[in-house]
Amino acid sequence: MEINKLKYIYFLGIGGIGMSAIARWFVANNYNVAGYDKTPTPLTKALEAEGAIIHFDDNIKSIPKEFLQNPNETLVVFTPAIPKDHGEYNWLIANGFTLNKRSQVLGLLTQKLFTIAVAGTHGKTTTSSMVTHILKQAGKNVTAFLGGITQNYGTNFLINDGPDNIICVVEADEFDRSFLTLSPDISIVTSTDADHLDIYGDHNQLLESFQLFIDRLKPNGTAYIQSAQNLKNKTNTLQFSYSLESGDYFAENLRIEDAIFKFDLNYPQGKINKIEMALPGFHNVENAVAAAAVCLQVGVSEQGIVNALASFGGVKRRFEYHIRTKSRVFIDDYAHHPTEIEAFLTSVKALYPGKKLTAVFQPHLFSRTNDFKDDFAKSLELADELLLLDIYPARELPMEGVTSSIIFDKIANPNKRLCSKQNILEIINYKNPELLVTIGAGDIDTLITPIKTLLLGKN
């Protein structure tokens, strides 16, 4: 299917972070866009304001007639999260419409663009957003499809300025092997830890998919792979390694001064001195090393990288400060895998070594909780005090015997408590924490504003 022969683009699951970015690209490029989602969100409201037609009931009659009357000019984009018994989904298949996953459509959009694709079980959203920000600040013509809302631009999608010399930045998602539709010019792989085992079955299958992703580089492409990852590009393309401490690109003289991470960047052609990160975290320094490496390749100057990293505000729900005063700190993070939690909590403790760290964690998915219960317990022990919420099921049905207790019971730290969303505010009010973090990928974000209001009222 050729993009330029389409008139109508219909989205099943239009409100998701990744799906909404694709929808906005089509709206901005004058296609007719409509879609379904389960509930309204700020993203669906923004799309409606830009011209998309959106409904929230599973009903064929709610789809605009012109979309249904022109199947040869209509592309249906669907998210794998749409249930297989969804009425619209099955009707569109039965009536001969072309259905593509978001990743397939990204593949179509980026085939002719110079593309930087960022993959990894952790770090891909922040790293792809860093790359985008550095390029944008350097005056490059960027379009970007990101997996989170950037603080600098207030969006997960950036549209290019005209058709010439476009650099496309794509967050390459390993979920459901979606990233194997892409053929980038430059690839970054930040991590390949075991995850999504409900999809892959075991870690080896996940690693195989990341290997296939690397092998999809265009001729004369370049891969930047985090040093600890056991991946080797099998195609006739360049490969570089990076990490905090070793590789072709690495950080040197890393320190924290006045709660700011600072470092120098060593790379094959030289060194960039005195980089200061607006975004905290040891893991984010490593992400910055990867982002800088790629941007150096496409012609950004050393000073351009220094300036951009000093002004990169991060991504919504990634090390996001909500209160930052001398007497109280409240940070929220999307971490939902033990490795991510460990990286986040380690960085928070390094930033605030004199403060008691209270963490509120909401596990995400029954299968992930069960697969990594031991690792979750170990990573959460880094908190001085833990408030553990019920599991957020997302796409899953309950699993027998799998509750938050299977993590809770393994945590050696006695300062722990099982909580519900209903009583968490009461508990936080009583404990009055000086350093509080909320962690998780479910609906824990709905607690952020109430918690912030509560804590600010106590200052």
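Residue positions within a chain follow its written sequence, with the count starting from 1. Two thresholds apply to this predicted model, a pLDDT of at least 70 for residue-level local features and 80 or more for giving and counting side-chain atom pairs, whereas whole-chain, interface and lining totals are computed over all residues. With hydrogens and water excluded, all non-hydrogen atoms of the structure serve as input to the side-chain values.

S.K.: Got a sec to walk through the overall build of the chain? Specific residues and values, please.
M.R.: Tallying secondary structure elements over the chain gives 16 helices and 21 strands in all. Looking at the 459 residues of the chain, the share that counts as buried comes to 54%. Of the accessible surface of the chain, which amounts to about 19200 Å², a share of 48% is contributed by carbon and sulfur atoms. Neither His nor the chain ends is counted toward charge; the positive residues are Lys and Arg and the negative residues Asp and Glu. Charge positions come from single atoms, namely NZ of Lys, CZ of Arg, CG of Asp or CD of Glu. Seen as two clouds, the 43 positive and the 51 negative side-chain charges of the chain have centres 3 Å apart. Starting at the N terminus, helices and strands are each numbered in turn, a helix being any DSSP run of H or I of at least four residues and a strand any DSSP run of E of at least two. When accessible area is computed with a 1.4 Å probe and restricted to protein chains, residues below 20% of their type maximum are described as buried, those above 50% as exposed, and intermediate ones as partly exposed. Only the protein chains shown count as cover for residues, with accessible areas throughout obtained via the Shrake-Rupley method and a probe of 1.4 Å.

S.K.: If you had to explain the pairing of strand β12 (residues 238–243) to someone new, which residues and values would you point to?
M.R.: As judged from the five bridges shared by strand β11 (residues 222–226) and β12, these two strands associate in the parallel manner. Across the sheet, residue T222 finds its bridge partner in β12, namely L238. Taken together, the two bridges between β12 and strand β13 (residues 249–257) define a ladder with parallel strand orientation. What sits directly across from Y242, in β13, is Y249. At least two bridges found by DSSP between two strands is the condition for calling them paired.

S.K.: Describe the side chain of K262, listing the residues and the values that go with them.
M.R.: Note that K262 resides in strand β14 (residues 260–267). Here a polar contact means two N or O atoms within 3.5 Å. Within protein one must be a hydrogen donor candidate and the other an acceptor candidate, and residues neighboring in sequence count only if both atoms are side-chain atoms. In terms of polar contacts, K262 uses its side chain to reach the side chain of E257, at 2.9 Å. Beyond its immediate chain neighbours, meaning those up to four positions away, K262 contacts N253, L254, R255, E257, I275 and E276. Residue contacts are counted whenever heavy atoms from the two residues lie within 4.5 Å of one another.

S.K.: Quick one: what's the story with the packing of helix α6 (residues 124–137) against helix α9 (residues 282–297), residue by residue and with numbers?
M.R.: Here the axes come from fitting lines to C-alpha atoms, over the contacting stretch only for helices, and the angles between their N-to-C directions go from 0 to 180 degrees. One way to put it is that α6 packs onto α9 with a least axis distance of 9 Å and a crossing angle of 45°. As summarised for this structure, α6 and α9 are arranged oblique, according to the angle between their axes. Considering only the axes of α6 and α9, their crossing is right-handed. Two secondary-structure elements touch here, α6 through T126, T127, M130, V131, I134 and L135 and α9 through N284, N287, A288, A290, A291, A292 and C295. In this count, Pro and Cys sit with the nonpolar residues alongside Ala, Val, Leu, Ile, Met, Phe, Trp and Tyr, while Asp, Glu, Lys and Arg are called charged and the others, Gly among them, polar. Grouping the amino acids of the contact of α6 with α9 by side-chain chemistry returns nine nonpolar, four polar and no charged. We call two directions roughly parallel when the angle between them is under 35 degrees, roughly antiparallel when it is over 145, roughly perpendicular when it lies between 65 and 115, and oblique otherwise. Throughout, a crossing is termed right-handed when the near helix is turned clockwise from the far one, and left-handed when it is turned anticlockwise from it by less than a right angle.

S.K.: If you had to explain the sheet that holds strand β5 (residues 98–101) to someone new, which residues and values would you point to?
M.R.: Either a parallel or an antiparallel arrangement is found when strands of a sheet pair, and the pairing is made through backbone hydrogen bonds. The five strands lie next to each other as β3-β2-β1-β4-β5, forming an open sheet whose pairing is parallel. Here the strands that pair on one side only, and so sit at the sheet edges, are β3 (53–55) and β5. The sheet shows a mean angle of 20° between the axes of neighbouring strands, taken without regard to direction. Across five bridges, strand β1 (residues 8–12) lies against strand β2 (residues 32–36) in parallel orientation. Bridge pairing in β2 places I9 opposite V33. Its contacts with the sheet put helix α4 (residues 87–94) on β1, β2, β3, β4 (74–78) and β5, and the angle it makes with β1 is roughly 140°. With respect to the sheet, helix α5 (residues 102–110) is in contact with β4 and β5, its orientation differing from that of β5 by roughly 90°.

S.K.: Any details on the environment of I14? Residues and values, ideally.
M.R.: Inspection of the secondary structure assignment puts I14 in the loop between β1 and α1 (17–28). Remark: the alpha-carbon pair of I14 and I54, spanning 40 residues in sequence, is separated by 8.0 Å. Setting aside residues up to four positions removed in sequence, I14 forms contacts with M19, S20, A23, V33, A34, G35, Y36, D37, T44, L47 and I54.

S.K.: Describe in detail the pattern of salt bridges, supporting the description with residues and values.
M.R.: A pairing counts as a salt bridge when a side-chain nitrogen of Lys or Arg comes within 4 Å of a carboxyl oxygen of Asp or Glu. Taken as a whole, this structure holds 16 salt bridges when the rule is applied. Put simply, K7 and E73 hold a salt bridge, and the shortest N to O gap is 3.6 Å. In this pair, K7 is assigned in the segment before β1 and E73 in the loop between α3 (65–69) and β4, connecting sequence segments 66 residues apart. Classification of K7 by relative accessible area gives partly exposed; the value is 43%. In this structure E73 comes out as partly exposed when scored by relative accessible area, which is 25%. Ionic pairing is found between K355 and E434, a salt bridge with its closest N-O pair at 3.9 Å. On the criterion of sequence distance, the pair formed by K355 in the loop between α11 (338–351) and β18 (357–361) and E434 in the loop between α15 (424–431) and β21 (435–439) is long-range, its members being 79 residues apart. A relative accessible area of 30% means that E434 is categorised as partly exposed. Because the salt bridges share partners, they merge into one network encompassing R255, E257, K262 and E276.

S.K.: Report on the sheet that holds β13, specifying residues and quantitative values.
M.R.: The strand order across the open sheet formed by ten strands is β8-β7-β9-β6-β10-β11-β12-β13-β14-β15, and the pairing between neighbours is mixed. Whereas interior strands pair on both sides, the edge strands pair on one side only; in this sheet they are β8 (157–158) and β15 (270–276). Across the sheet, α6 is in contact with β6 (114–119), β7 (141–145), β8, β9 (166–171) and β10 (186–189); its angle to β9 comes to roughly 165°.

S.K.: Any chance you could break down the packing of aromatic side chains for me, citing the residues and the numbers?
M.R.: Only rings of Phe, Tyr and Trp enter the pairing, Trp through its six-membered ring, and a pair is recorded when the two centres are within 6.5 Å. The plane angle decides the type: under 30 degrees is stacked, over 60 is edge-to-face, the rest tilted. As enumerated under the stated definition, the model contains 19 aromatic pairs in all. Measuring from ring centre to ring centre gives 5.9 Å for F240 and Y249, while their planes differ by 90°; the resulting arrangement is edge-to-face. Residue F240 is classed as partly exposed on the basis of its relative accessible area, which comes to 22%. What makes Y249 buried here is its relative accessible area of 5%. Put simply, the rings of F11, W25, F26 and Y31 touch in pairs and so form one group of aromatic residues. Directly above the aromatic system of Y321 lies the positively charged group of R324, at a separation of 3.9 Å from the ring centroid. Only Lys NZ and Arg CZ are tested; either one counts as a charge over a ring when it is within 6 Å of the ring centre and within 35 degrees of the ring normal.

S.K.: Can you break down the side chain of T358 residue by residue, with the values?
M.R.: Tracing the chain through its elements places T358 in strand β18. Judged by relative accessible area, T358 falls into the buried class, the value being 4%. Look past the residues within four positions of T358 in its chain and what remains in contact with it is E385, L387, P433, L435, L436 and V437.

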